[in-house]
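The residues making up each chain are set out below.
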Amino acid sequence: MLTTLQTAYSDTRAADLAWALGREPLPALAVLDLDLAGAGLQMRLLGASHQVLLEEDRGTCSETVACIPGSSTPLPLGVSKRLGEWEYEFAARVETLSEGSFAGRAQELLALVADHPQGLAGTFPGSPHAFTAMLAQRTEGQVRWRTWHAYPQEGQLVVTRTRVGVRKPAAVP
């Protein structure tokens, strides 16, 4: 699903993104609810990036990556945590691209997500390559999602990937 977000594009920077687990749902500009083989996943596009809410019999998980005023947790390169019966893994990277490469990559990503049944993308008015996009899947008992946050004024694309799955017991020697 591709939508134009009804908000002014603000000149934020990739470096302003923060990461948080466990936040309550924040006001969203676009929402996509998915049922992934018994796992309820809600992808939310915020005025300042994304939030994913996962609910399953084993528990819940809330991930927020956004420009959050006053947040003291910058975007980490990687996180691995136990959440009850789940293992949560998060990774982020920043790609810096030339203007031409950025435009091509933006078009490629928006085309990938726009018609995908488990994809949500929102473009910001005022800049044709300013967008946030998300894609989810469930494989081998794990729920995974990827996100892309475009900052055309910097030529930067922030790419995240998350995996949430049942914690496997340690092998007994």
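The model shown is predicted, which means the values in this text are computed figures rather than measured ones.

Novice: Is there a simple way to think about the side chain of Arg 44 in this case?
Specialist: One can find Arg 44 in strand β4 (residues 39-46). Here Arg 44 is buried and forms no salt bridge, its nearest opposite-charge partner Asp 33 lying at an N-O distance of 6.8 Å. Here Gln 42 takes part through its side chain, which lies 2.9 Å from a polar atom of the side chain of Arg 44. Setting aside chain neighbours within four positions, we find Arg 44 in contact with Pro 25, Leu 26, Pro 27, Ala 28, Ala 30, Val 31, Ser 49, His 50, Gln 51, Leu 53 and Met 134.

Novice: I'm lost on the sheet that holds β4 in this one. Help?
Specialist: Backbone-to-backbone hydrogen bonds pair the strands of a sheet. The strands run either parallel or antiparallel. One open sheet accounts for 5 strands, arranged β2-β6-β5-β4-β3; its pairing is antiparallel. In this open sheet, the two strands that pair with only one neighbour each are β2 (18-21) and β3 (30-36). Strand after strand, the sheet turns through a mean of 10 degrees between neighbouring axes, direction not considered. Sheet analysis places β3 next to β4, joined by 7 bridges and oriented antiparallel. Along β4, the bridge assignment pairs Asp 33 with Gln 42.

Novice: Help me understand empty space enclosed by the protein, please; the structure alone is not making it clear to me.
Specialist: Over the atoms, a rolling probe the size of a water molecule traces out where space has been left empty. Applying the stated criterion across every chain, the model contains 1 cavity of 30 Å³ or more. Taken as a whole, the largest cavity holds about 50 Å³ of empty space. In this structure, the largest cavity is lined by Leu 54, Glu 56, Arg 58, Trp 86, Arg 138, Gly 141, Gln 142, Val 143, Val 164, Gly 165 and Val 166. Elements with a contribution of two residues or more to the lining of the largest cavity: β5 (49-56), β11 (142-151) and β12 (156-166). Looking at the lining of the largest cavity, the element that brings in the most residues is β12, giving 3 residues. For the lining of the largest cavity, a count of residues per class yields 5 nonpolar, 3 polar and 3 charged.

Thresholds applied
Residues numbered from 1 in each chain as written. Predicted model: local features only at pLDDT ≥ 70, side-chain atom pairs only at ≥ 80, totals over all residues. Heavy atoms only, no water. Helix = DSSP H or I, 4+ residues; strand = E, 2+ residues; numbered from the N terminus. Buried < 20%, exposed > 50% of the residue type's maximum accessible area, 1.4 Å probe, protein only. Lys, Arg positive; Asp, Glu negative; His and termini not counted. Salt bridge = Lys/Arg side-chain N within 4 Å of Asp/Glu carboxyl O. Polar contact = N/O pair within 3.5 Å; in protein donor to acceptor, adjacent residues only side chain to side chain. Contact = heavy atoms within 4.5 Å. Pairing = 2+ DSSP bridges. Axes fitted to C-alpha atoms, helices over the stretch in contact; angles between N-to-C directions. 1 Å grid on protein atoms, 1.4 Å probe; cavity = no way out; pocket = protein on both sides within 12 Å on 5 of 7 lines; lining within 4 Å. Points joined across faces, edges and corners; volume = space filled by probe spheres on them. Nonpolar A, V, L, I, M, F, W, Y, C, P; charged D, E, K, R; others polar.

Fair warning: the whole summary comes from geometry, so function is off the table for now.
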